[in-house]
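Analysis of the macromolecular model
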Amino acid sequence: PARAQTGPGAAEAAAYTESIVADTVEAFGRALALRPDDAAVRVQRGSLLVDLKDYEAALTDLDAALGLPAPAPLRITALHLRTRAWLGLHRFEAAL
């Protein structure tokens, strides 16, 4: 497991990581502007949003991905991530 960095440079490292994450979310947004029916991109962004604990936004992407044609492994990943998002929101019934 990754440990939080402490000491000199920790704040800069955290800011750099936040910048990369923000850039990645924006890149997924640009990709979806070009290909809104790309289920794989929606699942990828949904995964990142779950990791960021932005569960509502993740559910939007994951539900959209599940409404699009996609191979079974991608659909299973979307369902798994959607369950994690519902659990993060403490919506246990919805997670079932």
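Anything mentioned here points back to the structure above.
Residues numbered from 1 in each chain as written. Predicted model: local features only at pLDDT ≥ 70, side-chain atom pairs only at ≥ 80, totals over all residues. Heavy atoms only, no water.

Observations concerning the pattern of salt bridges
The final tally for this structure, using the stated rule, is five salt bridges. The partner of Arg-42 in a salt bridge is Asp-61, with the nearest N and O atoms 3.1 Å apart. With a gap of 19 residues between them, Arg-42 in helix H2 (residues 39–51) and Asp-61 in helix H3 (residues 55–66) connect regions that are remote in the sequence. One exposure class covers both Arg-42 and Asp-61, and it is buried. Where Arg-84 meets Asp-51, a salt bridge forms, and the shortest distance between an N and an O atom there is 3.3 Å. Taken together, the residues Arg-84 in helix H4 (residues 72–88) and Asp-51 in helix H2 connect sequence positions 33 residues apart. Residue class for Arg-84 comes out partly exposed when judged on its relative accessible area of 35%. (Salt bridge = Lys/Arg side-chain N within 4 Å of Asp/Glu carboxyl O. Helix = DSSP H or I, 4+ residues; strand = E, 2+ residues; numbered from the N terminus. Buried < 20%, exposed > 50% of the residue type's maximum accessible area, 1.4 Å probe, protein only.)

Structural notes on the nonpolar core
Most often, soluble globular proteins keep nonpolar side chains buried together rather than apart. Judged by nonpolar contacts, the single largest core of 17 residues is most densely connected at Ala-39, Val-43, Val-50, Ala-58, Leu-62, Ala-78 and Ala-85. Elements that contribute at least two residues to this core include exactly H2, H3 and H4. With six residues, H3 is the single largest residue contributor to this core. Leave out the neighbours within four places in its chain, and Val-43 touches Leu-62, Ala-65, Leu-74, Thr-77, Ala-78 and Leu-81. (Core = buried A, V, L, I, M, F, W, Y, C linked by side-chain atoms within 4.5 Å. Contact = heavy atoms within 4.5 Å.)

With respect to H2
For H2, built from 13 residues, the straight-helix expectation of 18 Å at 1.5 Å per residue is met to within 8% by its first-to-last C-alpha distance of 18 Å. In this fold, the buried residues of H2 make contact with helix H1 (10–34), H3 and H4. The opening residue of H2 is Asp-38, an N-cap whose side-chain oxygen sits 3.1 Å from the backbone nitrogen of Ala-40. Lys-53 sits one or two positions beyond H2 and adopts a positive phi of about 65 degrees. (Expected span 1.5 Å × (residues − 1). Polar contact = N/O pair within 3.5 Å; in protein donor to acceptor, adjacent residues only side chain to side chain.)

Comments concerning H3
Here H3 spans 16 Å end to end across 12 residues, near enough to the 16 Å set by a 1.5 Å rise per residue. Within H3 the residues assigned to the buried category are Tyr-55, Ala-58, Leu-59, Asp-61, Leu-62, Ala-65 and Leu-66. Buried-residue contacts for H3 involve H1, H2 and H4.

Here we look at the environment of Asp-61
A relative accessible area of 2% places Asp-61 in the buried class. C-alpha separation for the pair Asp-61 and Ala-11, spaced 50 residues apart in sequence, amounts to 31 Å. With residues up to four places along the chain from it excluded, the contact list for Asp-61 reads Leu-32, Arg-42, Arg-45, Gly-46 and Leu-49.

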